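Analysis of the macromolecular model
What follows is the residue order along each chain.
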Amino acid sequence: MIIADTHNDLLDAIVHRPVERWVPHFRDQWLPQLHAGGVNLQVLPVFIDDLFRPEGALRRTLRMIEAAHRIAEGNPDTVELCFDGEDIDAALESNRIALVLALESAPGVGEDVELIETLYRLGVRIASLAHFGRTALADGSGEDATGSRLTRAGVAAFAEMERLGMIFDVSHLSAAGVEHVLELATRPVMATHSSARALRDHHRNLTDDQLRGIAANGGVVCVNFFAPFLHESDFRIERLIDHIEHITGVMGIRHVGLGPDFVKEVLQDVTPPCCEAQFIEGVPTDRYLPGLEGPAGLPLVVDALRQRGWPEDDIALVMGQNVLDLFRTELKRGTAS
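Since the structure is predicted, the reported quantities are computational estimates derived from the model, not experimental observations.

Side note on the pattern of salt bridges
On inspection of all chains with the given rule, the structure shows 21 salt bridges. A salt bridge links Arg328 to Asp89; its shortest N-O distance comes to 2.8 Å. Here Arg328, found in helix α12 (residues 312–330), pairs with Asp89, found in helix α4 (residues 85–93); they are 239 residues apart in sequence, far enough to count as distant. Here Arg149 and Glu183 are joined by a salt bridge, their closest N and O atoms 2.9 Å apart. Here Arg149, found in the loop between β5 (124–127) and α6 (152–164), pairs with Glu183, found in helix α7 (residues 175–184); they are 34 residues apart in sequence, far enough to count as distant. Residue Arg149 is classed as partly exposed on the basis of its relative accessible area, which comes to 34%. In the salt-bridge network here, residues are joined through shared partners; they are Asp234, Arg236, Arg239, Asp242, Glu245 and Arg308.

Remarks on the nonpolar core
Counting 90 residues, the largest nonpolar core has Leu11, Leu240 and Ile244 as the members making the most contacts within it. In this structure, Val100, Met190, Cys222 and Leu324 belong to the second largest nonpolar core, which totals 19 residues.

A word on the sheet that holds strand β7 (residues 190–191)
Two strands in a sheet stick together by hydrogen bonds in their backbones, pointing the same way (parallel) or opposite ways (antiparallel). Here three strands make up an open sheet; going across it, the order is β7-β8-β9 and the pairing parallel. The open sheet has two free edges, formed respectively by β7 and β9 (256–258), since each of these has just one partner strand. In terms of strand pairing, β7 meets strand β8 (residues 220–223) through two bridges, oriented parallel. The residue of β8 that forms the bridge with Met190 is Val220. Contacts from α12 reach β7, β8 and β9, with the element oriented near 105° to β9.

Procedures and definitions
- Residues numbered from 1 in each chain as written.
- Predicted model: local features only at pLDDT ≥ 70, side-chain atom pairs only at ≥ 80, totals over all residues.
- Heavy atoms only, no water.
- Salt bridge = Lys/Arg side-chain N within 4 Å of Asp/Glu carboxyl O.
- Helix = DSSP H or I, 4+ residues; strand = E, 2+ residues; numbered from the N terminus.
- Buried < 20%, exposed > 50% of the residue type's maximum accessible area, 1.4 Å probe, protein only.
- Core = buried A, V, L, I, M, F, W, Y, C linked by side-chain atoms within 4.5 Å.
- Pairing = 2+ DSSP bridges.
- Contact = heavy atoms within 4.5 Å.
- Axes fitted to C-alpha atoms, helices over the stretch in contact; angles between N-to-C directions.

So, in structure tokens, the structure goes:
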């Protein structure tokens, strides 16, 4: 069974350390967790903290990309940084974890859309245009009240991504932005870490209409594990399975994956004890699904789906096969310009 995790912010934790600690920290702290969870395919988002925006965003972006390359080069027997489906298959066949770089909200790009090609040359294969707030390219879900679609630069960025062979990520995008993207898209899009708004009415989640639109587009929605986005107060794995089952019921079994967004360890690593953030977008940051605080707990999802009576083939599709199939067909090595 292939297990694919489409959102783990471990790069954020790694680059907070001195450069000489990047490779050993990944090897000692994260690799054992990925192996314990059976992870075969790991998407590494490049997320830029507010501290580095806007002036330091591009420098921080490049530093995180460099960290991913060094992690792969320093652990060649266990991981491979992959640029297309053939790379991923080669990594899996050699029993290594396939790593794929993703850009989350692109604050380092701004209106300089030509930099998307630069980042593509460096290995980025998935990208979104906004986080919770407003960027030069689009509004995030926290700005839903504005009703804003992609900006002119955002439309150009989206077209550039499609030309290069990058997958567009609608997670965090405003509702009007998601609608706009689905109007423009000629290739499948994905949500790397989003859950169902029908079960938890939070702007970070996707409505049933949005889910149907992504399915019709041929895309995949990867369910977020962050407990406050699943339920207001019941933080058990059963609520995660509810979201997986709901999204599967709306989209069909071939359009669902896992985007855990394991943040406990990352937040502990990057947030000083003196000023720990207690809430983000109105929900607490210290609530987690028991046993699913990190990647080592992923086999619990398999067990929970079996307890709900899921067939093994369907479990395999959601745990990773759907994402693998999407990446095999959509990720392009190609040549820029």
